[in-house]
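# Structural description and commentary
Each chain is listed here by its residues.
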Amino acid sequence: MRHDARVLFALAGAIALIVFLIDAFTPLDIAIAVLYVVVVLLVSSTTSRLATILTAWSCVALTVIAFFMSHDEHYSVGAIARCAVSLLAIATTSVLASRNQKNTATLREQVQLLDLTHDAIVVYDMNDLITFWNHGAEEVYGWTAQQAIGQSIHELTQTHSSVPLDEIRIEMLRSGRWHGELQRVRNDGTAVVISSRMALWRDAKGKPRAVLATNNDVTVRKQMEGELQRQKDELRATIDTIPGMVWSSSSDGRLSFINRRWNELGVTLAENGGDIWRSIVHPDDYAAVQHAWHEAIATGAPFENVSRIRRSDGVYRWMHIGAEPLRDKGDNILRWYGVNTDIEERKQAEQALARSEAFLSDAQRLSRTGTIATKLPEGEMWWSDETYQIFGYSKLVTPGFHLILERSHPEDIALVRHAYHQSLAGAPIVDVEHRLAMPDGRIKYVHYVARLAAPQSAHPEYVGALMDVTERRVSQEALDRSTAELARVTRVTMLGELAATIAHEVTQPLAAIVTCGDAAQRWLNRPQPDLKEVGQSINQMIRDARHASDVIRQIRSMAQKRDPSHTMLDLNGIVRDSIELVRRELDGHRVEVDADYACPPLQVCADRVQLQQVIINLIMNGMQAMSGITGRPRKLWIRTHRFDARHAQVLVEDSGTGISAENAGRLFNAFFTTKAEGMGMGLSICRSIVEAHGGRIWAESEEGRGAVLQFTLPLDEEICREQ
Ligand code: ADP
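Quick caveat: nothing in here was measured; it's all calculated off a predicted structure.

Looking now at empty space enclosed by the protein. Within this structure, the stated rule accounts for 1 cavity of 30 Å³ or more. If you trace the largest cavity, you find 17 residues lining it, with M381, F401, I404, Y420 and Y448 closest to the centre. Of all elements in the fold, only β11 (369-375), α16 (401-407), α17 (413-424), β13 (429-437), β14 (443-453) and β15 (461-468) reach the threshold of two or more residues within the lining of the largest cavity. Sort the elements by how many residues they give to the lining of the largest cavity and α17 lands first, with 4 residues. Split into classes, the residues belonging to the lining of the largest cavity amount to 14 nonpolar, 3 polar and no charged.

Below, the structure is given as structure tokens:
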């Protein structure tokens, strides 16, 4: 029992006692027992109905007891009337108090019911002072009812709203209701978002008296809503940034969502309704898309298609359209999720690849060059079409080294094997030329060059070109033959030009032989034959005969049809012999020769006849260039010397007309001549000979001041050893 209740009880007891004493023991003729009403009211204000009823009956008993104690047997009418009034008052008061108590209990129960709700129910008057604060409000805001009642609701909870409080009040007064969200601060200082429903209570006269507010804490819901929105925004942003046109459709195929990429194409869901595909797919592709899409919807199989999709600028781009169905637990399709990916670049790359493959294939066919890729270390191979063609295999066979060996010429098998082992050993470049013996008996010449690709990787690969060089080889051989023939013809022609010299070179020793023979005869026919003189004459004859036969041998060898043969030759000796061969021509043209020979002598690997042909050609050209020169000496400087560490050089310098800039570029071209009788083959043949020897020939000149024709030859003995 509460303290104040106890006080009231004590007070009620004291009053009852005093009333009884006065009523029973004093001769007062008043209805003092009426005051028991106060006792009943005091008790009824604090305790239960039962206690009130018991108290009422106690007061009735005390009144009756006091009546009998104060009146012996003499009951006056007045006394009886007073007693009756008192009893009536006590009874009436008790009944009223009891009923009041019953009503109060009902009200309390109802208020307790309000406490059962989780909603915070707050009642405040028109001055915002709280008059009711239920249990829910205590939980939401953290203040007890005792702390809250009497405080200003807005000050206590620091109400903040997007709608000004005055407007809320005006709306309440206007419509009697308001619903909205408020931000408040709890007792512990934390912020809380409240969903509040307010109702205005007016009294019987219609005067606004109080506001009943039902408040719900929606902070968590708000946070979740915010988080949900954030996730939604993030998902939307993700979907929008996906480099593809994302979409979803209902189970029957009607588009229900499209991402921003679609908007960039100028497409929106609202505008086009169900006809979006028709508006963006290329008319030529539309039927195929429709067909595939309807089939996917009917069967539930994933949808895939490649079509041209129109951009907002009207340009069509190739796109891959793909979609997957989302199913429920019963395997029924709920929705379709799809994405269209731009594959224009890939498509173009594919087309470019197909084109370049076609180009490559054509180029390989035209150039008779195949490709061979060999993967190491297994030796797995890939051949291009042309490779199959060159080897003469069907494209159905699996390429392999054994097939190459099968086709290789028996004499070249070792060579091919060596090249293959080189590649197994990881040589950076493999270069081999060999023959193929084809099943029909033909011989093919092939040149294979391969390069090691990605040598650092675990699976290095050789990528190589296989060239069918049969035709080149055959024509090269034919060309070599005709060049040799041409060279011989020009030599013979040159010999014709040298006929006078040759005749002189031969007739002179012959005449000398005759003279010596005569002399020997004379020495013999003397009475006293001088055998010593005869011997000298015979020796002279032998020398001259040798010289003549030398000349004839040289001329014969120059005119002979023979294959060139390389030997180590003394370059100075060759130059000297050549000068001697044309000496008479030079004398005839009054050309003075100044020869300067390398010391020590240089050994070159060359064909004697061909080398002589070059030198004589250069000397004759120089001599001819000076034939029209008057007023300055016709001089020919011929020099041999070491050009560099690996080359010897021969220079033939004249003081003739020189070579004009215009002619300089075509001097070595076949059939280029400035001479009336010239053939224009001399220098061209010189170049073929020098280059075949691994050297180089060129001319330097200042027009009008003579020319220097010069060539180099390798000193390397390797060439000779290889021959
Ligand atoms: P040909 O002597 O039959 O004309 P060549 O091939 O030997 O053929 O020479 C080609 C041309 O080069 C000559 O016609 C001449 O014009 C020019 N030529 C060659 N050597 C000299 C030189 N030493 N000085 C000036 N011109 C030269």
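More follows now that the structure is in view.
With that settled, consider the layout of surface pockets. If you add up the space inside the largest pocket, you get close to 860 Å³. N621, Q624, T673, T674 and K675 are the residues nearest the centre of the largest pocket, which is lined by 33 residues in total. Those elements that place two or more of their residues in the lining of the largest pocket are α18 (470-497), α22 (608-625), β20 (647-654), α24 (682-692) and β22 (707-714). It is α22 that provides the largest number of residues to the lining of the largest pocket, a total of 7 residues. A breakdown of the residues in the lining of the largest pocket according to their chemical character gives 13 nonpolar, 15 polar and 5 charged.

Per the UniProt record, "domain: PAS" (unreviewed entry) is found at residues 106-176 and 381-427. As annotated, residues 106-176 has a helix share of 54% and a strand share of 14%, and its two end C-alpha atoms lie 27 Å apart. Secondary structure content for residues 381-427 is 55% helix and 6% strand, and the end C-alpha separation is 17 Å.

Another point: the UniProt feature "domain: PAC" (unreviewed entry) in the protein chain. Mapped onto this structure's residue numbering, the UniProt feature "domain: PAC" (unreviewed entry) falls at residues 178-230, 303-355 and 430-481. Secondary structure over residues 303-355 splits into 23% helix and 57% strand, and the C-alpha atoms at its two ends are 30 Å apart.

Counted by the stated rule, this structure contains 32 salt bridges. Residue E234 pairs with R230 through a salt bridge whose shortest N-O separation is 2.9 Å. Highlighted residues: E234 and R230, both in helix α9 (residues 219-241), separated by 4 residues, approximately one helical turn. Across the salt bridge formed by R365 and D362, the nearest N and O atoms sit 3.1 Å from each other. Taken as a pair, R365 and D362 lie in helix α14 (residues 344-367) at a separation of 3 residues, close to a single helical turn. A network of salt bridges, in which partner residues are shared, links E181, R221, K222 and E225.

On to the sheet that holds strand β21 (residues 696-701). With mixed pairing, 5 strands are arranged side by side in an open sheet as β17-β19-β20-β22-β21. The outermost strands of the open sheet, each flanked by one partner alone, are β17 (592-596) and β21. The sheet shows a mean angle of 15 degrees between the axes of neighbouring strands, direction not considered. Note that strand β19 (residues 635-644) and β20 share 8 bridges and pair antiparallel. If you follow W637 over to β20, its bridge partner there is E653. Sheet strands in contact with helix α21 (residues 571-588) are β17, β19 and β20, and its direction is about 170 degrees off that of β19. Its contacts with the sheet place α22 against β19, β20, β21 and β22, and it is angled at close to 170 degrees to β22.

A separate point is the packing of helix α20 (residues 531-559) against α22. Relative orientation of the contacting elements α20 and α22 amounts to 95 degrees, with a least axis distance of 10 Å. The angle between the axes of α20 and α22 places the two elements in the roughly perpendicular class. In this structure, α20 contributes Q554, S557 and M558 to the contact, and α22 contributes V609, Q612, Q613 and I616. Its residues assigned to classes, the contact of α20 with α22 shows 3 nonpolar, 4 polar and no charged.

Conventions adopted
- Residues numbered from 1 in each chain as written.
- Predicted model: local features only at pLDDT ≥ 70, side-chain atom pairs only at ≥ 80, totals over all residues.
- Heavy atoms only, no water.
- 1 Å grid on protein atoms, 1.4 Å probe; cavity = no way out; pocket = protein on both sides within 12 Å on 5 of 7 lines; lining within 4 Å.
- Points joined across faces, edges and corners; volume = space filled by probe spheres on them.
- Helix = DSSP H or I, 4+ residues; strand = E, 2+ residues; numbered from the N terminus.
- Nonpolar A, V, L, I, M, F, W, Y, C, P; charged D, E, K, R; others polar.
- UniProt positions renumbered as here; feature names shortened; annotations may be inferred.
- Salt bridge = Lys/Arg side-chain N within 4 Å of Asp/Glu carboxyl O.
- Pairing = 2+ DSSP bridges.
- Axes fitted to C-alpha atoms, helices over the stretch in contact; angles between N-to-C directions.
- Contact = heavy atoms within 4.5 Å.
- Parallel < 35°, antiparallel > 145°, perpendicular 65-115°, else oblique.

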